[in-house]
Amino acid sequence: MKKFLTGILFLSCLSAQLISADLRFVVIGDTNPEFLNQKDFSHFEQAIERINRMKPDLVINLGDLIYGYGLKSTRSQWERYLQVIKKIEAPYYQIPGNHDVFNERARQVYLDIFKRSYLSLDFKNCHFVLLDNLEDGLWGKIGSEQLAWLEKDLTNPYWESAFVFVHIPVWDLKARNVRQEWRQFWFEKIHPLLPKGRVKAVFAGHSHRFGPTRIYDGIFYYIAGGGSPRLHKEFVRRGGGNFFLLVEVSTNGFKVNVVISNCAPNFFKS
């Protein structure tokens, strides 16, 4: 059932170039600032500059959009975030991360501003499903209402390919604070829906690194939490930096390019 994948194409921060494809979309995650600089989105802004030069068809953010945690009011952070994302030239979509909906009050603020925490959309011959797997403050949880919505959404697919996006990579055993019941829930309730819906890949953030990439029943699972000021120490040691993914879809399938957006990242201290 499970396989590991190698051979993902890496593009350097200086030489990233466009490749012919029917559809290009960017995936970026964990673009939140640090605690001491809660309104400093410079890493995200640097990535936005590179993203705009690539002219993708759309951009999807995997969550952890602001610092959020522990603060009585996050509205000023959201105001700054809203200013930053205006710079993105392509259509832009997002899901919340644990920094964004860290308690019920924070979730309500998020919903007040953005109205919804999960959605789907069509673009050309592709379908995109953005899920909220932080319901009730539980890392990895997708509730019954969202599950029923997803089942209906993926029924009778009219698209050629679909892609799914979450914040917490429940399939990754290194993802901390994820209860075993939510790992099982994913593979018992969510994963079986994906082949029927022509889903080709699932993308998650949360972990501040790229990979490991896995394949379950022919569906690729990626971890891409590279937008943060802090990156995992081992990922940096192996040559990683702040990054986003450029996914290129064609009639022959899809290709994932890891584009380094910042050549001088800080270390993530675990």
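Anything mentioned here points back to the structure above.
None of these values were measured; they are calculated from a predicted model. (Residues numbered from 1 in each chain as written. Predicted model: local features only at pLDDT ≥ 70, side-chain atom pairs only at ≥ 80, totals over all residues. Heavy atoms only, no water.)

**Section: the pairing of strand β3 (residues 23–28)**
Counting buried positions over the 6 residues of β3 gives 6, a clear majority of the element. When β3 meets strand β13 (residues 242–250), the two strands line up antiparallel, connected through 5 bridges. Note on β13: the bridge partner recorded for Phe-25 is Val-247. Crossover handedness for the path β3 to helix α1 (residues 42–54) to strand β4 (residues 58–61): right-handed. (Buried < 20%, exposed > 50% of the residue type's maximum accessible area, 1.4 Å probe, protein only. Helix = DSSP H or I, 4+ residues; strand = E, 2+ residues; numbered from the N terminus. Pairing = 2+ DSSP bridges. Right-handed = clockwise from strand over helix to strand, strands pointing away.)

**Quick word on helix α5 (residues 180–190)**
Of the residues making up α5, those classed as buried are Trp-182, Arg-183, Phe-185, Trp-186 and Ile-190. Along α5, the residues classed as buried sweep out an arc of 160 degrees about the axis, all on the same side. Elements that come into contact with the buried residues of α5 comprise α4 (144–153), β8 (161–166), α6 (193–196), β9 (199–204) and β11 (219–223). (Arc of directions from axis to C-beta. Contact = heavy atoms within 4.5 Å.)

**Re empty space enclosed by the protein**
Under the criterion given, the structure shown has 1 cavity of 30 Å³ or more. The space that makes up the largest cavity amounts to roughly 30 Å³. Taken together, Ile-28, His-43, Phe-44, Ala-47, Gly-226, Gly-227, Asn-242, Phe-243 and Ser-261 make up the full set of residues lining the largest cavity. At the level of secondary structure, the elements contributing two or more residues to the lining of the largest cavity comprise α1 and β13. Here the lining of the largest cavity is composed, by residue class, of 4 nonpolar, 5 polar and no charged. (1 Å grid on protein atoms, 1.4 Å probe; cavity = no way out; pocket = protein on both sides within 12 Å on 5 of 7 lines; lining within 4 Å. Points joined across faces, edges and corners; volume = space filled by probe spheres on them. Nonpolar A, V, L, I, M, F, W, Y, C, P; charged D, E, K, R; others polar.)

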